[in-house]
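The primary structure of each chain is shown beneath.
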Amino acid sequence: CTLDLLAPSAGTYTWYLRAGSETGWGDWDTGTGFTVTDMLPSVVSKIAPAPDAELTDVNVTFSWTHDTEATVYEVYITGPNSYVNYNPYIVGTDVTCATNCDLSLTLSENGAYRWYVRAGNAAGWTAWDAGTGFSVVQELPQSVTKVAPVADAQLTDVNVTFSWTHDTEATVYEVYIAGPNGYISYEPYIVGTGVTCSTNCELSLTMPENGAYTWYVRGGNSAGLGEWNGETVFNISLPLPSAPTLNSPVDDAVIYQTNRPTFTWNTVNTATYYNLQTTNGMGIVAYEVWHEAVNICNAGTCSLQVPNPLAFGGYDWRVQAYNVTGVGSWSETRSFLSLSINIQPLMVQVEDGRISRTGTWTQQSGEDAVGASYLQSTTSVADTLTMTFTGTQVDVVYVAGPQYGTFVIEIDGEPLRGIDANSAQIAFGQVASFSGLSDGEHTIRIVPLGGAPVAIDALVVGGEVLTTAPDATVTPTPVVIIPVEPIVTEEPIIAPEETPVVVPTPTDNPPEATDDPAPEVTPEP
């Protein structure tokens, strides 16, 4: 048997039961206690919208008296064109409640609506209140007042900010722009998402080229779209970009840490592309490519590392900029010397596993070293470096300084040169070069003479570096050394093979605009 009863309030209760028949009643049972913690809320008392209210905004705040027993409310709204909103709203999460509850919703359009609300908790739901009817009649936005560009404005930038006075009734704006060569831009912009509005609305757009433009704007909301304002004509005359200011490498720089140098220069206002050109000592273009500014420039500086290694030798470099008006003038020309020997990236740091060591070598840090580090020996003649390679040329990049002494360079077991690395000041990028070797495999060994440490930074070969293992049987070869000052051995410039260079030139014209249906405007744009 079951029986549903409504407890008058929350609290502790005891219930008893006895059975009866034609002969009378039996005894009561001993009683069972229970506690009621949740009571059904009362039927909701609504505040707004009041019956038959006529609202002028589709953004509506629904409010009702809060029942402290309620933990959730259901709101049911019907409207024009089968509009229905039927959702639960949790107190404190989805709806704000104190003495009253306030729920802000945006309705779909103008028309007649009816709304209902009921309260609930763990005990269940109350009955729905009687529905309340109201209507929304939102006015169309007024004709828009433009701020900029003004009529007959002469602009010098294709990046244009369009602005107009914001109508608080508008939730969307349509902007129509016509320009040279059939250019059309006709788009809606939602307030707060597509366009920023406070007292004024501001919309930044990029026009495709120089020329005369005409623009219109109108506001809209759920009631529809307002009237187009009058046409406004403005002109864009963007000048050619100025010559970029170069940063690095500096003029007459010596680049020995890499054979793929990085070039930097200051950005040029309005430039959208940059062309970096490097030419070797014979005037042959080694690199010339246009790059889009957004890909290589940031915070006022453009930075570009050439993708392919540069051959040993002297180079000139310069940069020019482009915008929709055309190509600007070249920057100044700077020179630099690349100590890379081959067009292949074969500069090997001495820490590389392909260079075997005997004795004790310690890694040292130095910002000007290749890879910011190098190896330093002890004062023992047992400290050697050995590498096997193919090719006809090899360079030893070392560090000179007051603490360093002399070392011998052997190739294929024959001592070829003694290098005195002692100098008054620390000097990175010192180079000892050996060319004219027979084509094939060679072994280079670096042997300190003892008495003072030496510092080796990198080896550069004109072929392939082979894996070698230390030869424990090799002993230093005594050599008579004539001390010499650290010097970079001059070698003939190896010019890269000339290949056709395609110089992409950004187009002067934007892609042909897709014709959109012309808007119905009053007056006709």
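One can find the structure itself at the top, above this paragraph.
Residues numbered from 1 in each chain as written. Predicted model: local features only at pLDDT ≥ 70, side-chain atom pairs only at ≥ 80, totals over all residues. Heavy atoms only, no water.

A short note on the overall build of the protein
Move 1: Looking only at helices and strands, one finds one helix and 46 strands in the protein.
Move 2: Burial analysis of the protein (525 residues in total) assigns 43% to the buried set.
Move 3: Counting only contacts in the protein whose residues sit at least 6 apart along the sequence, the fraction spanning at least 24 positions is 69%.
Move 4: Approximately 26900 Å² of the protein is accessible, and the part contributed by carbon and sulfur atoms is 51%. (Helix = DSSP H or I, 4+ residues; strand = E, 2+ residues; numbered from the N terminus. Buried < 20%, exposed > 50% of the residue type's maximum accessible area, 1.4 Å probe, protein only. Contact = heavy atoms within 4.5 Å. Areas by Shrake-Rupley, 256 points an atom, 1.4 Å probe, with all protein chains shown as cover.)

Considering the pairing of strand β17 (residues 159-165)
Move 1: Sheet topology places strand β15 (residues 146-148) next to β17; two bridges connect them, and they run antiparallel. Following the sheet pairing, Ala148 is matched in β17 by Ser163.
Move 2: Pairing between β17 and strand β21 (residues 200-206): seven bridges, direction antiparallel. Its bridge partner lying in β21, Thr161 is registered against Ser204. (Pairing = 2+ DSSP bridges.)

Digging into the state of the cysteines
Move 1: All chains considered together, the criterion is met by three disulfides.
Move 2: Disulfide pairing places Cys197 opposite Cys201 at an S-S distance of 2.0 Å. Its S-S torsion of approximately 115° makes the covalent link between Cys197 and Cys201 right-handed.
Move 3: Judged by its relative accessible area of 0%, Cys201 is buried.
Move 4: Here Cys297 pairs with Cys302 through a disulfide, and the sulfurs are 2.0 Å apart. Taking the torsion about the S-S bond as the criterion, the Cys297 to Cys302 disulfide, at about 95°, is right-handed.
Move 5: Sequence-ordered numbering of the bonded cysteines in the protein yields a pairing of 1-2, 3-4, 5-6. (Disulfide = S-S within 2.5 Å.)

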